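Here is what each chain is made of, one letter per residue.
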Amino acid sequence: MNLRPATSADLTLLRHWDEQPHVVASDPNDDWGWEIELDRNPEWREQLIAEIDSRPIGFIQIIDPALEESNYWGDVETNLRAIDIWIGEETDLGKGYGTKMMQLALFRCFTDPLVTAVLVDPLASNTRAHRFYERLGFQFVEQRRFGNDDCFVYRLNRADWHHENTIH
Ligand SMILES: CC(C)(COP(=O)(O)OP(=O)(O)OC[C@H]1O[C@@H](n2cnc3c(N)ncnc32)[C@H](O)[C@@H]1OP(=O)(O)O)[C@@H](O)C(=O)NCCC(=O)NCCS
(Lines give C-alpha, C1' and ligand atoms only; values in the text may rest on other atoms or scores of the structure.)
Protein backbone atom coordinates (compact mmCIF):
# COMPACT_ATOMS: atom_id res chain seq x y z
CA MET A 1 0.00 0.00 0.00
CA ASN A 2 1.09 3.55 -0.60
CA LEU A 3 -0.32 7.01 0.07
CA ARG A 4 -0.17 9.60 -2.70
CA PRO A 5 -1.56 13.15 -2.94
CA ALA A 6 -5.19 13.43 -4.08
CA THR A 7 -5.61 15.58 -7.20
CA SER A 8 -8.49 16.90 -9.31
CA ALA A 9 -8.19 13.65 -11.32
CA ASP A 10 -9.72 11.95 -8.24
CA LEU A 11 -12.86 14.12 -8.25
CA THR A 12 -15.25 11.49 -9.68
CA LEU A 13 -13.87 8.79 -7.41
CA LEU A 14 -14.17 10.90 -4.25
CA ARG A 15 -17.73 11.92 -5.15
CA HIS A 16 -18.59 8.25 -5.71
CA TRP A 17 -17.10 7.27 -2.35
CA ASP A 18 -19.02 10.15 -0.69
CA GLU A 19 -22.28 8.46 -1.75
CA GLN A 20 -21.49 5.09 -0.18
CA PRO A 21 -23.75 4.45 2.83
CA HIS A 22 -20.88 3.55 5.20
CA VAL A 23 -19.11 6.82 4.30
CA VAL A 24 -22.29 8.91 4.69
CA ALA A 25 -22.98 7.25 8.05
CA SER A 26 -19.56 8.22 9.39
CA ASP A 27 -19.72 11.85 8.21
CA PRO A 28 -23.32 12.87 7.47
CA ASN A 29 -23.01 16.65 7.76
CA ASP A 30 -19.82 17.59 5.94
CA ASP A 31 -19.48 18.85 2.38
CA TRP A 32 -15.86 18.37 1.43
CA GLY A 33 -16.08 20.80 -1.53
CA TRP A 34 -13.82 18.56 -3.61
CA GLU A 35 -14.07 20.63 -6.77
CA ILE A 36 -12.33 23.54 -5.05
CA GLU A 37 -10.27 21.74 -2.44
CA LEU A 38 -8.52 19.25 -4.74
CA ASP A 39 -6.94 22.19 -6.56
CA ARG A 40 -5.69 23.77 -3.34
CA ASN A 41 -2.61 22.85 -1.36
CA PRO A 42 -2.62 24.85 1.88
CA GLU A 43 0.46 24.28 4.02
CA TRP A 44 -1.65 23.01 6.95
CA ARG A 45 -3.17 20.07 5.03
CA GLU A 46 -2.40 16.84 3.15
CA GLN A 47 -5.19 15.06 1.24
CA LEU A 48 -4.03 11.55 0.33
CA ILE A 49 -5.33 8.56 -1.59
CA ALA A 50 -4.34 5.08 -0.39
CA GLU A 51 -3.59 2.67 -3.20
CA ILE A 52 -2.93 -1.05 -3.29
CA ASP A 53 -1.10 -2.10 -6.45
CA SER A 54 -2.22 1.21 -8.03
CA ARG A 55 -5.90 0.62 -7.11
CA PRO A 56 -7.29 3.52 -5.03
CA ILE A 57 -9.04 2.16 -1.92
CA GLY A 58 -9.41 5.03 0.52
CA PHE A 59 -8.86 8.61 1.53
CA ILE A 60 -6.90 10.21 4.37
CA GLN A 61 -6.68 13.86 5.33
CA ILE A 62 -4.01 15.11 7.72
CA ILE A 63 -4.29 18.67 9.03
CA ASP A 64 -2.52 20.90 11.51
CA PRO A 65 -5.57 21.80 13.62
CA ALA A 66 -3.99 24.99 15.00
CA LEU A 67 -3.43 26.36 11.48
CA GLU A 68 -6.53 24.96 9.69
CA GLU A 69 -8.31 28.01 8.36
CA SER A 70 -11.94 27.31 9.35
CA ASN A 71 -10.75 26.89 12.97
CA TYR A 72 -12.71 23.60 13.17
CA TRP A 73 -10.86 22.45 16.30
CA GLY A 74 -11.20 25.81 18.04
CA ASP A 75 -8.53 26.85 20.51
CA VAL A 76 -6.10 23.94 20.19
CA GLU A 77 -2.42 23.55 21.03
CA THR A 78 0.25 23.82 18.35
CA ASN A 79 2.27 20.89 16.97
CA LEU A 80 -0.68 18.50 16.74
CA ARG A 81 -2.10 16.75 13.71
CA ALA A 82 -5.71 15.66 13.11
CA ILE A 83 -6.72 12.83 10.76
CA ASP A 84 -9.86 11.94 8.79
CA ILE A 85 -10.04 8.53 7.12
CA TRP A 86 -12.40 6.38 5.13
CA ILE A 87 -12.32 3.32 2.89
CA GLY A 88 -14.25 3.96 -0.36
CA GLU A 89 -15.95 0.67 -1.19
CA GLU A 90 -17.86 -1.38 1.33
CA THR A 91 -16.24 -4.55 -0.03
CA ASP A 92 -12.84 -3.20 1.12
CA LEU A 93 -13.91 -2.76 4.77
CA GLY A 94 -12.59 -4.98 7.53
CA LYS A 95 -9.59 -6.33 5.62
CA GLY A 96 -6.88 -4.50 7.55
CA TYR A 97 -6.53 -1.75 4.95
CA GLY A 98 -7.66 1.00 7.34
CA THR A 99 -5.12 -0.11 9.94
CA LYS A 100 -2.36 -0.02 7.34
CA MET A 101 -3.50 3.43 6.13
CA MET A 102 -3.43 4.79 9.68
CA GLN A 103 0.02 3.30 10.31
CA LEU A 104 1.36 5.04 7.20
CA ALA A 105 -0.41 8.32 8.10
CA LEU A 106 0.87 8.22 11.69
CA PHE A 107 4.39 7.60 10.44
CA ARG A 108 4.01 10.68 8.23
CA CYS A 109 2.75 12.77 11.15
CA PHE A 110 5.42 11.73 13.64
CA THR A 111 8.26 12.03 11.11
CA ASP A 112 8.06 15.74 11.97
CA PRO A 113 9.95 15.80 15.29
CA LEU A 114 7.86 18.74 16.50
CA VAL A 115 4.59 16.79 16.36
CA THR A 116 3.54 15.69 19.85
CA ALA A 117 0.19 13.96 19.24
CA VAL A 118 -2.49 13.09 16.69
CA LEU A 119 -6.24 13.70 17.12
CA VAL A 120 -9.30 12.01 15.58
CA ASP A 121 -12.98 12.85 16.05
CA PRO A 122 -15.27 9.92 15.18
CA LEU A 123 -19.01 10.32 15.73
CA ALA A 124 -20.07 9.32 19.24
CA SER A 125 -22.25 6.67 17.55
CA ASN A 126 -19.39 5.14 15.51
CA THR A 127 -18.43 2.52 18.07
CA ARG A 128 -16.54 0.38 15.54
CA ALA A 129 -14.32 3.36 14.70
CA HIS A 130 -13.71 3.88 18.45
CA ARG A 131 -12.42 0.31 18.72
CA PHE A 132 -10.34 0.79 15.57
CA TYR A 133 -8.60 3.86 17.02
CA GLU A 134 -8.17 2.31 20.46
CA ARG A 135 -6.37 -0.67 18.91
CA LEU A 136 -3.95 1.81 17.29
CA GLY A 137 -3.17 3.26 20.74
CA PHE A 138 -5.51 6.28 20.72
CA GLN A 139 -7.03 7.31 24.05
CA PHE A 140 -10.44 8.85 24.63
CA VAL A 141 -10.19 12.54 25.59
CA GLU A 142 -13.72 13.96 25.65
CA GLN A 143 -17.14 14.01 24.06
CA ARG A 144 -17.48 17.16 22.00
CA ARG A 145 -19.96 18.73 19.61
CA PHE A 146 -18.55 19.88 16.25
CA GLY A 147 -21.33 21.75 14.43
CA ASN A 148 -24.21 19.26 14.24
CA ASP A 149 -22.00 16.27 15.02
CA ASP A 150 -21.78 14.64 18.43
CA CYS A 151 -18.21 13.31 18.49
CA PHE A 152 -15.66 11.50 20.64
CA VAL A 153 -12.21 13.07 20.56
CA TYR A 154 -9.33 10.59 20.72
CA ARG A 155 -5.63 11.38 21.01
CA LEU A 156 -2.48 9.37 20.29
CA ASN A 157 0.58 10.78 22.03
CA ARG A 158 3.94 10.15 20.40
CA ALA A 159 4.99 7.94 23.32
CA ASP A 160 1.99 5.65 22.73
CA TRP A 161 2.62 5.27 19.01
CA HIS A 162 3.41 1.63 18.09
CA HIS A 163 5.76 2.64 15.28
CA GLU A 164 7.39 -0.78 15.22
CA ASN A 165 4.17 -1.97 13.51
CA THR A 166 4.72 0.24 10.47
CA ILE A 167 5.87 -1.90 7.57
CA HIS A 168 6.74 -0.01 4.42
C1 LIG B 1 -12.81 2.96 10.09
C2 LIG B 1 -12.14 2.33 8.86
C3 LIG B 1 -11.19 3.32 8.19
C4 LIG B 1 -11.32 1.13 9.36
O5 LIG B 1 -10.70 0.52 8.24
P6 LIG B 1 -10.92 -1.05 7.97
O7 LIG B 1 -10.00 -1.43 6.89
O8 LIG B 1 -12.37 -1.31 7.78
O9 LIG B 1 -10.47 -1.64 9.36
P10 LIG B 1 -9.47 -2.85 9.66
O11 LIG B 1 -9.82 -4.02 8.83
O12 LIG B 1 -8.07 -2.36 9.62
O13 LIG B 1 -9.86 -3.09 11.17
C14 LIG B 1 -11.15 -3.64 11.47
C15 LIG B 1 -11.86 -2.70 12.38
O16 LIG B 1 -12.25 -1.52 11.69
C17 LIG B 1 -13.48 -1.06 12.24
N18 LIG B 1 -14.52 -1.09 11.21
C19 LIG B 1 -14.81 -2.08 10.33
N20 LIG B 1 -15.87 -1.72 9.58
C21 LIG B 1 -16.24 -0.50 9.98
C22 LIG B 1 -17.25 0.42 9.58
N23 LIG B 1 -18.14 0.14 8.63
N24 LIG B 1 -17.31 1.61 10.21
C25 LIG B 1 -16.45 1.91 11.20
N26 LIG B 1 -15.47 1.09 11.62
C27 LIG B 1 -15.37 -0.10 11.01
C28 LIG B 1 -13.81 -1.98 13.37
O29 LIG B 1 -13.19 -1.50 14.55
C30 LIG B 1 -13.14 -3.25 12.93
O31 LIG B 1 -12.90 -4.09 13.99
P32 LIG B 1 -14.05 -5.11 14.44
O33 LIG B 1 -14.28 -6.00 13.26
O34 LIG B 1 -13.46 -5.75 15.64
O35 LIG B 1 -15.28 -4.28 14.74
C36 LIG B 1 -13.16 1.80 7.84
O37 LIG B 1 -13.93 0.80 8.45
C38 LIG B 1 -14.09 2.86 7.29
O39 LIG B 1 -13.75 3.53 6.32
N40 LIG B 1 -15.27 2.99 7.90
C41 LIG B 1 -16.29 3.92 7.43
C42 LIG B 1 -15.83 5.35 7.61
C43 LIG B 1 -15.42 5.64 9.03
O44 LIG B 1 -16.08 5.23 9.98
N45 LIG B 1 -14.31 6.37 9.15
C46 LIG B 1 -13.83 6.83 10.44
C47 LIG B 1 -14.52 8.08 10.76
S48 LIG B 1 -13.76 8.88 12.14
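In short, a report on the structure. Quantities reported herein were computed from a predicted structural model and do not represent experimental measurements. (Residues numbered from 1 in each chain as written. Predicted model: local features only at pLDDT ≥ 70, side-chain atom pairs only at ≥ 80, totals over all residues. Heavy atoms only, no water.)

### Remarks on the pattern of salt bridges
It is possible for side chains bearing opposite charge to pair when their charged atoms get close.
At step 1: Applying the stated criterion to the full structure yields 11 salt bridges.
At step 2: Across the pair Arg 40 and Glu 37 runs a salt bridge whose closest N-O atoms are separated by 3.0 Å.
At step 3: You can call Glu 37 buried: its relative accessible area is 18%.
At step 4: In this structure, the salt-bridge partner of Arg 108 is Glu 46, at a minimum N-O distance of 3.3 Å. Here Arg 108, found in helix H4 (residues 97-111), pairs with Glu 46, found in strand S2 (residues 45-52); they are 62 residues apart in sequence, far enough to count as distant. (Salt bridge = Lys/Arg side-chain N within 4 Å of Asp/Glu carboxyl O. Buried < 20%, exposed > 50% of the residue type's maximum accessible area, 1.4 Å probe, protein only. Helix = DSSP H or I, 4+ residues; strand = E, 2+ residues; numbered from the N terminus.)

### Looking at H4
At step 1: In this model, H4 (15 residues) spans 21 Å end to end at C-alpha, consistent with the 21 Å of a helix rising 1.5 Å per residue.
At step 2: Those residues of H4 that fall on the buried side of the exposure criterion are Gly 98, Lys 100, Met 101, Met 102, Gln 103, Leu 104, Ala 105, Leu 106, Cys 109 and Phe 110. (Expected span 1.5 Å × (residues − 1).)

### Quick notes on the site of the ligand
At step 1: Contacts to the ligand come from 20 residues, most closely from Gly 96, Thr 99, Arg 128, Arg 131 and Arg 135.
At step 2: The contact in question runs from a nitrogen atom of the ligand to an N or O atom on the backbone of Ile 85, over 3.0 Å.
At step 3: Expressed as a share of its isolated accessible area of 810 Å², the protein-covered part of the ligand is 84%.
At step 4: Among the elements of the structure, helix H2 (21-26), strand S4 (80-87), H4 and helix H5 (127-135) are those that each provide at least two residues to the shell around the ligand.
At step 5: With six residues, the top contributor of residues to the shell around the ligand is H5.
At step 6: Taken together, the residues of the shell around the ligand break down into nine nonpolar, seven polar and four charged. (Near = heavy atom within 4 Å. Polar contact = N/O pair within 3.5 Å; in protein donor to acceptor, adjacent residues only side chain to side chain. Areas by Shrake-Rupley, 256 points an atom, 1.4 Å probe, with all protein chains shown as cover. Nonpolar A, V, L, I, M, F, W, Y, C, P; charged D, E, K, R; others polar.)

### Section: the pairing of strand S7 (residues 149-157)
At step 1: Sheet topology note: the strand S5 (residues 117-120)/S7 ladder contains four bridges and is antiparallel. Along S7, the bridge assignment pairs Leu 119 with Arg 155.
At step 2: Sheet topology places strand S6 (residues 139-146) next to S7; seven bridges connect them, and they run antiparallel. Residue pairing across strands places Gln 143 opposite Phe 152, the latter belonging to S7.
At step 3: Connecting the antiparallel pair S6 and S7 is a turn made up of two residues, with Gly 147 showing a positive phi of about 60°. (Pairing = 2+ DSSP bridges.)

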